[in-house]
Amino acid sequence: MIDLSGKTAVVTGSSSGIGLAIGAGLAAAGARVVLTGRDEERLKAAAESLRATGAVVRAVAVDLAADAGPLIEAEPEADILVNNLGIFEARPPLEITDDEWQRYFETNVLAGVRLTRHYLPGMMDRGWGRVQYIASDSAVVTPAEMIHYGMTKTALLGVSRGFAKAASGSGVTVNTVIAGPTHTGGVETFVRQLVPGDLPWEEAQRRFMREYRPQSLIQRLIEPEEIANMVVYLSSPQASATTGGALRVDGGYVDAILP
C-alpha cells in the first residue's frame, strides 16, 4: 500500500546494517535512494546489492561528520531524509576524552542537523517532505558503558522535535525512530567486547541480552529490516499526521508508556 514512486530519499550511514536495510525498504516502496558512507568500496557493493533487486540507487562517498558538501552538491534536493549516521563504542565514562565527546556530537548529531538545515527548506517550499532521525533506546535509558553515545541520541529527540516545529503547517513531517538493540555487524563486535570468551554467537547474544539488556520484552536482537519497516511507514503519505514524535521499535526495551 505504500507508494513512494517519484520520491528521492537520502539515507546517511547506509553502506551496511540499519541504513542499508532502510535504503532497501524505501527502494522497494518505489523511491529513488541515495546511499552514503565513507568506505567507497563497501558503499559501491551496497548499491549494487540493491540494484540487483531492480532498485534505482545512487551512492555518494562522503564523510558527513567533516563536510556535507559532496552530498549536497551531488543531491541538492531530497523528498525524504533519513539521518541514520552514527558511531558507538563501549568506554568507561571517566576515560572519555574531550575529543571523543566532540567527535560523537559532530558525527551523531551535527551531521544530521546540517543536512536537515539544507534539505528542509526545499521540502517546505514544495509542501511535502519527510525527515527522520534514527535514535536509540540509549536516548531514554543511558547506558553506563557508553554515556557519550547515549547523550547524542538524547539530543536527537530535542533536535527532531524542534525541526518539526520549524516545519509546522508546511506538509513536512519530522520524527525520530527509537531503535532498540539491533543485530548489525557493529553490534556483534560490541557484544563480543562485553561478553568474554569464545562463545557461539547465539549463546553470546543470549548472554548479552540477559546481562546487559534484560529489559527487552522480545529477548532477542532486533533485525535491521524491522527498523526499516517503521522508517518506510513514516516516509509514506499514510503517516501525514505523525510529526514531532519519537516512535519506538525497541522490542519493549524502554520501560515506559511514552519515551
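Note that the structure is a prediction, hence the values are computed from the model and not measured.

Rules used in this analysis
- Residues numbered from 1 in each chain as written.
- Predicted model: local features only at pLDDT ≥ 70, side-chain atom pairs only at ≥ 80, totals over all residues.
- Heavy atoms only, no water.
- 1 Å grid on protein atoms, 1.4 Å probe; cavity = no way out; pocket = protein on both sides within 12 Å on 5 of 7 lines; lining within 4 Å.
- Points joined across faces, edges and corners; volume = space filled by probe spheres on them.
- Helix = DSSP H or I, 4+ residues; strand = E, 2+ residues; numbered from the N terminus.
- Nonpolar A, V, L, I, M, F, W, Y, C, P; charged D, E, K, R; others polar.
- Domains from an automatic or database assignment.
- Contact = heavy atoms within 4.5 Å.
- Buried area = accessible area lost by both parts, 1.4 Å probe.
- Buried < 20%, exposed > 50% of the residue type's maximum accessible area, 1.4 Å probe, protein only.
- Polar contact = N/O pair within 3.5 Å; in protein donor to acceptor, adjacent residues only side chain to side chain.
- Phe/Tyr/Trp six-rings, centres within 6.5 Å; stacked < 30°, edge-to-face > 60°.

A.B. asks: Account for the layout of surface pockets, with residues named and values stated.
C.D. replies: Considered as a void within the structure, the largest pocket measures approximately 1200 Å³ in volume. What lines the largest pocket is a set of 48 residues, and nearest its centre among them are Gly-86, Ile-87, Phe-88, Thr-184 and Gly-186. Those elements giving two or more residues to the lining of the largest pocket turn out to be helix 1 (17-28), strand 2 (32-37), helix 4 (98-126), strand 5 (129-136), helix 5 (147-166) and helix 6 (185-194). Split into classes, the residues belonging to the lining of the largest pocket amount to 19 nonpolar, 20 polar and 9 charged. Each of domain 1 (8-182 + 223-249) and domain 2 (183-221) contributes no fewer than three residues to the lining of the largest pocket.

A.B. asks: Please set out the domain arrangement of the chain residue by residue, giving values where relevant.
C.D. replies: Domain annotation of the chain identifies domain 1 (8-182 + 223-249) and domain 2 (183-221). Of note, the centres of domain 1 and domain 2, computed from C-alpha atoms alone, are 24 Å apart. Between domain 1 and domain 2, the contact holds 12 residues from the first and 12 residues from the second. Together domain 1 and domain 2 conceal approximately 1000 Å² of surface at their shared face, both sides included; 56% is due to carbon and sulfur atoms. On the domain 1 side of the contact with domain 2, Phe-88, Pro-181 and Thr-182 bury the most area, a combined 43% of that side's loss.

A.B. asks: Account for empty space enclosed by the protein, naming residues and giving values.
C.D. replies: Space left empty within the atom packing is revealed by a probe, the size of a water molecule, rolled over the atoms. Enumeration according to the criterion identifies 1 cavity of 30 Å³ or more in this entry. Roughly 70 Å³ of internal volume is contained in the largest cavity. Lining the largest cavity are 13 residues; nearest its centre among them are Asn-83, Leu-85, Thr-107, Ala-111 and Gly-112. Counting residues per element, the lining of the largest cavity draws most heavily on helix 4, at 6 residues. When the residues that make up the lining of the largest cavity are grouped by side-chain class, the tally is 7 nonpolar, 6 polar and no charged.

A.B. asks: Help me get a handle on the environment of Thr-182, residues and values and all.
C.D. replies: Tracing the sequence through the fold places Thr-182 in the loop between strand 6 (172-179) and helix 6. For Thr-182, a relative accessible area of 4% puts it in the buried group. Distance in space between the C-alpha atoms of Thr-182 and Ser-160 is 22 Å, their sequence separation being 22 residues. Those residues within four positions of Thr-182 in sequence are excluded, and the remaining contacts are Ile-18, Val-187, Leu-221, Ile-222, Glu-223, Pro-224 and Ile-227. From its side chain, Thr-182 meets the backbone oxygen of Gly-180 in a polar contact 2.7 Å long.

A.B. asks: Before we move on, can you summarise the packing of aromatic side chains with the specific residues and values?
C.D. replies: All told, the structure shown has 4 aromatic pairs when counted by the stated rule. Taking the centre distance of 5.8 Å and the plane angle of 85° together, the rings of Phe-88 and Phe-190 count as edge-to-face. Placement of the pair is Phe-88 in the loop between strand 4 (80-83) and helix 4 and Phe-190 in helix 6, with a sequence separation of 102 residues. Looking at Phe-190, the relative accessible area reads 4%, which means it is buried. Plain terms: the ring middles of Phe-190 and Phe-208 are 6.0 Å apart, the flat faces sit at 80° to each other, and that makes the pair edge-to-face. Linking Phe-190 in helix 6 with Phe-208 in helix 7 (residues 201-212), this pair joins segments that are 18 residues apart in sequence. Accessibility assignment for this pair places Phe-190 and Phe-208 in one class, buried.

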